[in-house]
Amino acid sequence: MSEQPWPLWEVFIRSKQGLDHKHAGSLHAADAQMAIENARDVYTRRMEGVSIWVVESRHIHASNPGEAAAFYDPANDKVYRHPTFYDLPDELKHM
Amino acid sequence: MHPNPSLTDSCLHLADDALILGHRNSEWTGHGPILEQDIALSNIALDLIGQARNFYQYAATLKADGSTEDSLAYLRDGWDFKNCLLVEQVNGDWAKTVLRQFFFSAHQYFLYERLQESKDETLAAISEKAFKEVAYHLRWSSEWVIRLGDGTDESHRRMEKAVDELWKFTGELFLPAPYEAQLAKEGYGVDLLSVQPLWKEKVNEIFAEATLTIPVEEEGKETWMQTGGKAGRHTEHLGYLLAEMQFLQRAYPGGEW
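Worth saying up front: this structure is predicted, and the values here are computed from it rather than measured.

## Here's the deal with the overall build of chain B
Scanning chain B from terminus to terminus reveals 10 helices and two strands. Start at the N end of chain B and walk to the C end: the helices and strands fall as α-α-α-α-α-α-α-α-α-β-β-α. In terms of overall size, chain B behaves like a compact globule, its C-alpha atoms giving a radius of gyration of 18 Å where 257 residues would be expected to give roughly 18 Å. Taken over 257 residues, chain B has a buried fraction of 42%. In chain B, the proportion of contacts linking residues at least 24 apart, taken out of those at least 6 apart, comes to 75%.

Now the structure itself:
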């Protein structure tokens, strides 16, 4: 067996109807080419997609769950940031 | 339908090739080196078994003697099987498995490419569908041959050993059985001699990248090739494979899920 395990990759798949690539899962591969082939075999065998992106997991930087309160709670009481907050005059069409 | 024994035999040969290699590959299911490659090879196994089903179904129609795809796969004996010797060889290590796949996929690639132009519409249709699958098998197996051949000392050594073990079974791929020669003459089949240089070119290209060499008997003399599979004369490995593959139908005739 190899001494070094293959790195982890995150896989993003765009479905036939989809406009954007969505996170499908992760897998191990020695390099980008193998990661794309593995993704094809693991994540598109039931016609899930027509396009694949892969990125090595170590290149993904994530927000810290411990900071969730500071990050997201302040948005809770800002209803005026939603367009539905505003009453539109009846004369305004096509909105 | 007018009876054409060459067409029936050729269908059986193509079906047997695909079924036996599909079965061999399926032996890796649950044993692959890592999950992702386990799935990759199992996918290839399923593609091949799918191809075999199409050819068996057509052969059963042509035979019109009550044969079914199942009876052709599960109830014939070793000497009835027309697969080439290459596909029945045991899996060995990963190097041997991917090299066997590469040799065979390169052969299927150029064969199906031409069979799509067969005067027989069914044969052409099956080949057209299978060709896309094989194009991926060829890409996948080429990658692995290069990766291991041009990899570490150990992977290179294992690839070389695999080449030594399998090369002698590649000549048969291009040696037409009587039914293949007849079918080619009638415009339904493919002239295998025209496929050979394309195959050789592909092997040379991938081997060059993989830093592997084609074995020779001695300076300027080609290796002696094993043959006979297409005529039902097999290596000792096929019997064991059939014993396992056919066990259920032999022990419980007509058994279904």
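So much for the structure itself; the text now carries on.
## Concerning the overall build of chain A
Looking only at helices and strands, chain A features two helices and three strands. Ordered by position in the sequence, the α and β elements of chain A form the string β-β-α-β-α. Computed over C-alpha atoms, the radius of gyration of chain A comes to 21 Å, more than 25% over the 12 Å expected from 2.2 N^0.38 for 95 residues, which places it beyond the range of a compact globule. Across its three principal axes, chain A shows a C-alpha extent of roughly 70 × 35 × 15 Å. In chain A, which comprises 95 residues, the share counted as buried stands at 17%. When contacts within chain A are restricted to residue pairs at least 6 apart in sequence, long-range pairs at least 24 apart make up 43% of them.

## Looking at the nonpolar core
Among the nonpolar cores identified, the biggest contains 71 residues, and A15(B), F55(B), A59(B) and L99(B) are the most heavily contacted of them. Residues in contact with L99(B), not counting those within four places in the same chain, are V145(B), M159(B), A162(B), V163(B) and L166(B). With 12 residues, the next largest nonpolar core counts I13(A), A29(A), M34(A) and V54(A) among its residues.

## Considering the interface of chain B and chain A
Facing the six residues of chain B at the interface are eight residues of chain A. If one sorts the elements of the side of chain B that touches chain A by residue count, helix 2 (residues 35–63) of chain B sits on top with four residues. Taken together, the residues of the side of chain B that touches chain A break down into four nonpolar, one polar and one charged.

## A short note on unusual backbone geometry
Residues other than glycine predominantly adopt negative phi, and peptide bonds predominantly adopt the trans conformation. Residue and element names in this part refer to chain B. Even without being a glycine, A64 presents a positive backbone phi close to 50 degrees. By the element assignment, A64 lies in the loop between helix 2 and helix 3 (69–74). The phi torsion at T211 lies on the positive side, around 55 degrees, for a residue other than glycine.

## Considerations on the packing of helix 1 (residues 32–43) of chain A against helix 2 of chain B
Where helix 1 of chain A contacts helix 2 of chain B, the two axes come as close as 9 Å, and the packing angle between them is 65 degrees. As judged from the angle between their axes, helix 1 of chain A and helix 2 of chain B are roughly perpendicular. Handedness of the helix 1 of chain A/helix 2 of chain B crossing: left-handed. Only E36(B), I39(B), A40(B) and N43(B) of helix 2 of chain B make contact with helix 1 of chain A, whose side of the interface consists of N38(A), D41(A) and V42(A).

## Considerations on the confidence of the model for chain B
Here chain B shows a mean pLDDT of 95. Residues at 70 or above account for 99%. Reported for the predicted complex are a pTM of 0.89 and an ipTM of 0.76.

## As for the pairing of strand 1 (residues 8–14) of chain A
Residue and element names in this part refer to chain A. Side chains W9, V11 and I13 of strand 1 all project onto a buried face; the interleaved residues L8, E10, F12 and R14 project onto a face where none is buried. Pairing between strand 1 and strand 2 (residues 22–28): six bridges, direction antiparallel. The residue of strand 2 that forms the bridge with F12 is H23. Looking at chain direction, strand 1 and strand 3 (residues 51–56) are connected through six bridges and run antiparallel. Among the inter-strand pairings, W9 is bridged to a residue of strand 3, identified as E56.

## Notes on the sheet that holds strand 2 of chain A
All names here are of chain A. If you trace the three strands from one edge of the open sheet to the other, you get 2-1-3, paired in antiparallel fashion. Of all the strands in the sheet, the pair left with one neighbour each is strand 2 and strand 3. Averaged over neighbouring strand pairs, the angle between their axes works out to 30 degrees when direction is ignored. Set on the sheet, helix 1 makes contact with strand 1, strand 2 and strand 3; between it and strand 3 the angle comes to about 130 degrees.

## Thoughts on the packing of helix 2 of chain B against helix 6 (residues 121–149) of chain B
What describes two packed helices is the angle between their axes and the distance between those same axes. Residues and elements named next belong to chain B. At a minimum axis separation of 11 Å, helix 2 and helix 6 run at an interaxial angle of 165 degrees. Judged on the interaxial angle alone, helix 6 and helix 2 are roughly antiparallel. Note that helix 2 runs across helix 6; the crossing there is left-handed. Of the residues in helix 6, those touching helix 2 at A40, I44, D47, Q51, N54, F55 and Y58 are T122, I126, A130, E133, H137 and W140. Residue composition of the contact of helix 2 with helix 6, grouped by class: seven nonpolar, four polar and two charged.

## Regarding helix 9 (residues 192–210) of chain B
Residue and element names in this part refer to chain B. Here helix 9 contains 19 residues, and its C-alpha end-to-end distance of 26 Å stays within 8% of the 27 Å for a straight helix at 1.5 Å per residue. Where helix 9 is buried, its residues touch helix 5 (94–115), helix 6, helix 7 (153–166) and helix 8 (178–185). Just beyond helix 9, the residue with positive phi is T211, at close to 55 degrees.

Scoring rules and cut-offs
- Each chain has its residues counted from 1, following the order in which its sequence is written.
- Each chain is given a letter, starting from A, and each ligand a number, starting from 1, according to the order in which they appear as written.
- Totals for whole chains, interfaces and linings use all residues, but because this is a predicted model, local features are given only for residues with pLDDT of at least 70 and pairs of side-chain atoms are given and counted only at 80 or more.
- Secondary structure elements follow DSSP: runs of H or I no shorter than four residues count as helices, runs of E no shorter than two count as strands, and numbering proceeds from the N terminus.
- Radius of gyration here uses only the C-alpha atoms, and the compact-globule reference equals 2.2 Å multiplied by the residue count raised to the power 0.38.
- Between the buried cut of 20 or more and the exposed cut of 12 or fewer other C-beta atoms within 10 Å of a residue's own C-beta lies the partly exposed class, and all C-beta atoms are placed from the backbone.
- Note on contacts: residues are paired as contacts if their backbone-placed C-beta atoms lie within 7 Å.
- Take the buried Ala, Val, Leu, Ile, Met, Phe, Trp, Tyr and Cys residues, join any whose C-beta atoms are within 7 Å, and the set you get is a nonpolar core.
- Under the convention adopted here, Pro, Cys and the residues Ala, Val, Leu, Ile, Met, Phe, Trp and Tyr are nonpolar, Asp, Glu, Lys and Arg are charged, and Gly plus all remaining residues are polar.
- Axis definition: a line fitted to C-alpha atoms, limited for helices to the stretch in contact. Angles are taken between N-to-C directions and run from 0 to 180 degrees.
- Angular relationships are summarised with four words: roughly parallel below 35 degrees, roughly antiparallel beyond 145, roughly perpendicular across 65 to 115, and oblique for the angles in between.
- Should the near helix be turned anticlockwise from the far one by less than a right angle, the crossing is termed left-handed; should it be turned clockwise, right-handed.
- Every residue is assigned a pLDDT by the predictor, reflecting its confidence on a scale from 0 to 100.
- A pair of strands is labelled paired if DSSP reports no fewer than 2 bridges between them.
- What a helix should span is 1.5 Å times the count of its residues minus one.

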